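Working through the structure, step by step
Here is what each chain is made of, one letter per residue.
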Amino acid sequence: MPQHAWTDDQPIVSIKDVHKSFGNLEVLKGISMDVMKGEVICIIGPSGSGKSTLIRCINALNDIQAGSIQVEGLEVNDKDLNKLELRKKVGMVFQQYNLFPHKTALENIMMAPIKVLKENPVEVEARARGLITKVRLEGKEGAYPGELSGGQQQRVAIARSLAMNPDIMLFDEVTAALDPETVKEVLVTIQDLAEDGMTCMLVTHEMGFAKEIADHIYFTDRGVIVEHGPPATFFDKAEDPRTREFLSQIL
Amino acid sequence: MDKKNIPGISSKPSAGFAVLKPFNAKPAGEPEDLLFSRWLASTPLWAWCLMVAIVIAWPLTSYASSTYSIGDAFQALWRWIPFIVTGGFLFNVIISFFAMLIGTVLGIILGLMQISPAIYIRLPAQIITQVFRNSPWLVLLFIVLLALPYEIEFGDTIIRIPDWVKAVFGLCLPIMANIAEVVRGAINSVPNGQWEAAESLAYTRQQTLWQIILPQCFKRMIPPWMNWYAILTMATPLCSLLGVEELITLSRQAIEAENNRPELLVPFYGFALLIFFAYCYPIARATIALERRFAVKL
């Protein structure tokens, strides 16, 4: 398939038999999945099962040893990959927020579109203020990350990714470092996004949230996908004993 | 009956097995606890008074029977102070200033080279840094002084290189290497997540370094940088061994001009000590103040 020949009836993210090792440790042992535009998928599984690694491979933060990952027809596992092109399509939010501590919330959101995409600062600022409203942080534009709570920082981080106008959003255990009472405000923000039709891939431990929001759930263990399916069947009629054991421990 | 031994109450607490002590969660590249300027700034002001007292009292007791009175010695010092300060200490300040300036510029370049992903840039930078960090300063000074020519010819014009300029080059080498380590340490102390976040926002490595990482490093670098300036200033009397006209050289000349009287040694060198202290103490205090301010903000 030639690059950029992608149309939105094809998978927006297409992962085929991906293998990834850190030294001698093989963390992904042949993972395949397809994600359609507008779909919300959740990847769950015990820690060390490779779910975060998988999601980081999609925007080339980690490289893969074998297999293929295509994002809108763009092959990620390619030495000549145009990383700018890929990362304009894929936004990512991290567990530790990783906001730039020397910039205000608004500047955090505006920086990349102005500096990387060379967009007009006036337009970017208007968009950034819109995003601040969208993540319900009006009045916090001038606050530095150190002055914001974890949940507020994480919402700024989401807005910062959205400012690049991505087609796909990756969420890597975004609520794992948060206080329980601020988890909800972040989940609501993600839910808003999903309802707006954004393609989302989440690594999460929030089973209740996954059940509610996901179109499709993947359960990974020791580098392979053990079981997957829509939430209704996945949670109630899991077939694999490993899945059942995991769910019984966590639910 | 023997009293029961209760660890933690009747004896030292003991777990009876290996205990992992709490991890000291100091990020890499933080200023070390034993920074020179921190030590200097922690010297209380009474140390000043003590030093002055010693400078005065020592010759008083040592030479009480001498015909050359302590008053004569301090009168001699008083006569020479303008010469020693304007012709001598001024050069210590000038040498330290330019050595710091050049050393900082080269050190930043060297420090950035050390974190380059390209090994043919990184490796030479690491070697240069280690060589100059671990060489005795005096040896470097000698090499530079003897290796540099006395004069440079540009066609017809001949430019003489004064000794103090050579001293600047000699002293800027170890400063360069140590500042390179300061820069590298500061960059490495920025959490890896900052690089990843920038990368996922399509920043290139260069853009990340200049727009995200270095602005965060700047504050962290100031205290160790000032610390190195204080150390450098303290090291400038080394130049006197090479005949560069500075504070110690001129003090020695002044003593010789006063017939080499041994009573003059303590007042003159004591004065040198005081003037260095007077120069470096405020710098050290300012370093601590800055460290505190940044510690709150970051």
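Residues numbered from 1 in each chain as written. Chains lettered and ligands numbered in written order. Predicted model: local features only at pLDDT ≥ 70, side-chain atom pairs only at ≥ 80, totals over all residues. Heavy atoms only, no water.

1. Regarding the pairing of strand S1 (residues 13-22) of chain A
Residues and elements named next belong to chain A. Inspection of the sheet shows S1 paired to strand S2 (residues 25-35) by eight bridges, in the antiparallel sense. Paired with Ser-21 across the two strands is Glu-26, which belongs to S2. What sits between S1 and S2 in their antiparallel hairpin is a turn of two residues, with Gly-23 showing a positive phi close to 65°. Bridge analysis of S1 against strand S4 (residues 66-71) gives five bridges, and the strand direction is antiparallel. Paired with Ile-15 across the two strands is Ile-69, which belongs to S4. (Pairing = 2+ DSSP bridges. Helix = DSSP H or I, 4+ residues; strand = E, 2+ residues; numbered from the N terminus.)

2. Thoughts on the nonpolar core
Judged by nonpolar contacts, the single largest core of 81 residues is most densely connected at Ile-15, Met-33, Ile-58, Ile-69 and Met-201 of chain A together with Ile-187 of chain B. Element by element, the count of residues in this core is highest for helix H8 (residues 205-235) of chain B, at twelve residues. Residues within four places of Ile-187 of chain B in sequence aside, it is in contact with Leu-112, Ile-115, Trp-195, Leu-209, Ile-213, Leu-214 and Cys-217 of chain B. Counting residues in each nonpolar core, the second largest holds 50 residues, with Val-135, Leu-137, Phe-171 and Leu-202 of chain A among its members. (Core = buried A, V, L, I, M, F, W, Y, C linked by side-chain atoms within 4.5 Å. Buried < 20%, exposed > 50% of the residue type's maximum accessible area, 1.4 Å probe, protein only. Contact = heavy atoms within 4.5 Å.)

3. Re the pattern of salt bridges
Using the criterion set out here, one finds 15 salt bridges over all chains in the structure. One salt-bridge network, in which partners are shared between bridges, spans Asp-221, Arg-222 and Arg-242 of chain A. (Salt bridge = Lys/Arg side-chain N within 4 Å of Asp/Glu carboxyl O.)

4. A few points about the interface of chain B and chain A
Counting residues at the interface gives 15 residues for chain B, matched by 22 residues for chain A. Taken together, the two surfaces of chain B and chain A that pack against each other cover about 1600 Å², and 61% of this comes from carbon and sulfur. At the boundary of chain B with chain A, the tally comes to two salt bridges. In this structure, Glu-199 of chain B and Arg-87 of chain A form a salt bridge, with 3.1 Å as the shortest nitrogen-oxygen distance. The tally of links between chain B and chain A comes to five residue pairs in polar contact (both at pLDDT 80 or more). Elements with a minimum of two residues in the side of chain B that touches chain A: helix H7 (192-200) and H8 of chain B. Ranked by the residues each element gives to the side of chain B that touches chain A, the list is headed by H7 of chain B, at seven residues. Residues that form the side of chain B that touches chain A fall into these classes: seven nonpolar, six polar and two charged. (Buried area = accessible area lost by both parts, 1.4 Å probe. Polar contact = N/O pair within 3.5 Å; in protein donor to acceptor, adjacent residues only side chain to side chain. Nonpolar A, V, L, I, M, F, W, Y, C, P; charged D, E, K, R; others polar.)

5. Quick word on the packing of helix H5 (residues 137-147) of chain B against helix H6 (residues 163-189) of chain B
Residues and elements named next belong to chain B. Where H5 contacts H6, the two axes come as close as 9 Å, and the packing angle between them is 135°. Considering their axes alone, H5 and H6 lie oblique with respect to each other. Of the two possible hands of crossing, H5 and H6 adopt the one that is right-handed. Listed contacts from H6 to Trp-137, Leu-140, Leu-141, Val-144 and Leu-145 of H5 are Asp-163, Lys-166, Ala-167, Phe-169, Gly-170, Leu-171, Leu-173, Pro-174, Ile-175 and Asn-178. When grouped by side-chain class, the residues that make up the contact of H5 with H6 number eleven nonpolar, two polar and two charged. (Axes fitted to C-alpha atoms, helices over the stretch in contact; angles between N-to-C directions. Parallel < 35°, antiparallel > 145°, perpendicular 65-115°, else oblique. Left-handed = near helix turned anticlockwise from the far one by under 90°.)

6. A short note on the packing of aromatic side chains
Residue and element names in this part refer to chain B. Taken as a whole, this structure holds twelve aromatic pairs over all chains when the rule is applied. Aromatic pair Tyr-229 and Tyr-279: ring centres 6.4 Å apart, planes at 65°, arrangement edge-to-face. Of this pair, Tyr-229 sits in helix H8 while Tyr-279 sits in helix H10 (residues 265-297), placing them 50 residues apart in sequence. Taking 5.1 Å as the distance between ring centres and 25° as the angle between the ring planes, the aromatic pair formed by Phe-277 and Tyr-281 counts as stacked. Taken together, the positions of Phe-277 and Tyr-281, both in helix H10 and four residues apart, correspond to about one turn of that helix. (Phe/Tyr/Trp six-rings, centres within 6.5 Å; stacked < 30°, edge-to-face > 60°.)

7. A word on the packing of helix H4 (residues 119-133) of chain B against H6 of chain B
Residues and elements named next belong to chain B. Remark: H4 packs on H6, axes separated minimally by 8 Å, with the N-to-C direction vectors making an angle of 125°. One way to sum up the angle between H4 and H6 is to call them oblique. The chirality of how H4 crosses H6 is left-handed. Contacts between H4 and H6 involve Ile-128, Thr-129, Gln-130, Phe-132 and Arg-133 on the former and, on the latter, Leu-173, Pro-174, Met-176, Ala-177, Asn-178, Ala-180 and Glu-181.

8. Considerations on a nonpolar patch on the surface
Residues Ile-119, Tyr-120, Ile-121, Leu-123, Ile-127 and Val-131 of chain B make up a contiguous nonpolar surface patch of roughly 600 Å² in combined accessible area. A residue is classified by how much of its surface remains accessible, and Leu-123 of chain B, at 43% relative accessible area, is partly exposed. (Patch = residues over 30% accessible without salt bridge, like charges linked within 9 Å, V, L, I, M, F, W, Y side chains within 5 Å. Areas by Shrake-Rupley, 256 points an atom, 1.4 Å probe, with all protein chains shown as cover.)

9. Quick look at helix H9 (residues 247-257) of chain B
Residues and elements named next belong to chain B. When we look at burial in H9, the residues that qualify are Leu-247, Ile-248, Thr-249, Leu-250, Ser-251, Ala-254 and Ile-255. Two or three places before Ile-248, at the opening of H9, Glu-246 has a side-chain oxygen 3.0 Å from that residue's backbone nitrogen. With its phi angle positive at about 65°, Asn-259 sits one or two positions after the end of H9.

10. Observations regarding the pairing of S4 of chain A
Residue and element names in this part refer to chain A. Direction of pairing for S4 relative to strand S5 (residues 74-75): antiparallel, over a ladder of two bridges. When the bridges of S5 are listed, Gln-70 appears paired with Glu-75. Between S4 and the antiparallel strand that follows it, S5, lie two residues; Glu-72 among them carries a positive phi value of about 50°.

11. Comments concerning the sheet that holds strand S6 (residues 90-93) of chain A
Residue and element names in this part refer to chain A. Overall, mixed pairing links the six strands, which are arranged S6-S7-S8-S3-S9-S10 in an open sheet. Edge positions in the open sheet fall to S6 and strand S10 (224-229), since each of these has one partner strand only. Looking at each pair of strands side by side, their axes are set apart by 20° on average, direction ignored. Pairing analysis gives five bridges linking strand S9 (residues 216-221) to S10, with the strands arranged antiparallel. If you follow Asp-221 over to S10, its bridge partner there is Val-224.

12. Some thoughts on the environment of Lys-29 of chain A
Residues and elements named next belong to chain A. Summarising the element assignment, Lys-29 is placed in strand S2. The class of Lys-29 is partly exposed, set by a relative accessible area of 37%. C-alpha of Lys-29 to C-alpha of Val-18: the two residues are eleven residues apart in sequence and 6.8 Å apart in space. Excluding residues that lie within four positions of it along the chain, Lys-29 makes contacts with Val-18, His-19, Arg-222, Gly-223 and Val-224.

13. Thoughts on the confidence of the model for chain B
Mean pLDDT for chain B: 82, with 83% of residues reaching 70 or above. By mean pLDDT, helix H2 (residues 46-62) of chain B is the weakest element of chain B at 72, and H4 of chain B is the strongest at 94. (pLDDT = per-residue confidence, 0-100.)

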